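As a plain string of letters, each chain reads:
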Amino acid sequence: MEGCMSNLVKYLLFTTNFLIFVLGLAVFGLGIWVVVDKPSFLDLFEEAQNVAPEITDGFNVEIYTSAVYILLVVSALVVLISFFGCCGALKENKCMLGTYFTLILAMFIVMVVGAVLGYS
């Protein structure tokens, strides 16, 4: 039973990190699309303003176009961290799993500090 549970945990960790890896790549691709094809992205906002003008009153597009660079950096970090989780879980490599744990812990601490500073 002991080997069964360790295999279950191993494959659950791999599957979770693989899904996060794929979603991180999708977000990274979306961010690159916005940077490369900015006029097409701005056309989407104009369409939204035409469809629902009452919702988009006071809507500043520049805030969202500058946030793309933050999105690119965060999604690249997510892809990197989930890669360490996938490979570490699949190969049962203690170094990669240690790196994964350290990066997840650091990201959690940054999120807690950001939440405290954001709400104070």
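See the structure shown above.
What comes next concerns the included structure. (Residues numbered from 1 in each chain as written. Predicted model: local features only at pLDDT ≥ 70, side-chain atom pairs only at ≥ 80, totals over all residues. Heavy atoms only, no water.)

**Here we look at the packing of aromatic side chains**
Consideration 1: Under the counting rule described, the total for this entry stands at 2 aromatic pairs.
Consideration 2: Their ring planes at 20° and their centres at 6.0 Å tell us that Phe-14 and Phe-18 sit as a pair that is stacked. Here the residue Phe-14 and the residue Phe-18 both occupy positions in helix 1 (residues 2-36), the gap between them amounting to 4 residues, near one helical turn.
Consideration 3: For Phe-18, a relative accessible area of 41% corresponds to the partly exposed category. (Phe/Tyr/Trp six-rings, centres within 6.5 Å; stacked < 30°, edge-to-face > 60°. Helix = DSSP H or I, 4+ residues; strand = E, 2+ residues; numbered from the N terminus. Buried < 20%, exposed > 50% of the residue type's maximum accessible area, 1.4 Å probe, protein only.)

**Examining the side chain of Asn-17**
Consideration 1: Topologically, Asn-17 is positioned in helix 1.
Consideration 2: The class for Asn-17 is buried, based on a relative accessible area of 2%.
Consideration 3: In this structure Asn-17 touches Ser-82, Gly-85, Cys-86 and Tyr-100, once residues within four positions along its chain are discounted. (Contact = heavy atoms within 4.5 Å.)

**Section: the environment of Val-9**
Consideration 1: Along the chain, Val-9 turns up in helix 1.
Consideration 2: Sequence separation of Val-9 and Ala-89 is 80 residues, and the distance between their C-alpha atoms is 8.8 Å.

**Regarding a negative patch on the surface**
Consideration 1: A cluster of acidic residues, Asp-37, Asp-43, Glu-46 and Glu-47, forms a negative patch on the protein surface.
Consideration 2: Positionally, Glu-46 belongs in helix 2 (residues 38-51).
Consideration 3: Classification of Glu-46 as partly exposed rests on a relative accessible area of 45%. (Patch = residues over 30% accessible without salt bridge, like charges linked within 9 Å, V, L, I, M, F, W, Y side chains within 5 Å. Areas by Shrake-Rupley, 256 points an atom, 1.4 Å probe, with all protein chains shown as cover. Salt bridge = Lys/Arg side-chain N within 4 Å of Asp/Glu carboxyl O. Lys, Arg positive; Asp, Glu negative; His and termini not counted. Charge placed at Lys NZ, Arg CZ, Asp CG, Glu CD.)

**A short note on unusual backbone geometry**
Consideration 1: Here the phi dihedral of Glu-92 falls at roughly 55°; this positive angle occurs in a residue that is not glycine.
Consideration 2: Looking at the secondary structure, you find Glu-92 in the loop between helix 3 (61-91) and helix 4 (94-119).
Consideration 3: On the accessibility criterion, Glu-92 (52% relative accessible area) is exposed.

**Considerations on the side chain of Ser-75**
Consideration 1: Its place among the elements puts Ser-75 in helix 3.
Consideration 2: Not counting residues up to four positions away in its chain, the partners in contact with Ser-75 are Gly-24, Val-27 and Phe-28.

**Brief notes about a nonpolar patch on the surface**
Consideration 1: On the surface, Phe-101, Leu-105, Phe-108, Ile-109, Val-112, Val-113, Val-116 and Leu-117 cluster together into a nonpolar patch covering about 780 Å² of accessible area.
Consideration 2: In this structure Val-116 comes out as exposed when scored by relative accessible area, which is 53%.

**A closer look at the environment of Val-27**
Consideration 1: Relative to the helices and strands, Val-27 is located in helix 1.
Consideration 2: A C-alpha to C-alpha distance of 6.3 Å links Val-27 and Ser-75, two positions 48 residues apart in sequence.
Consideration 3: Beyond its immediate chain neighbours, meaning those up to four positions away, Val-27 contacts Leu-71 and Ser-75.

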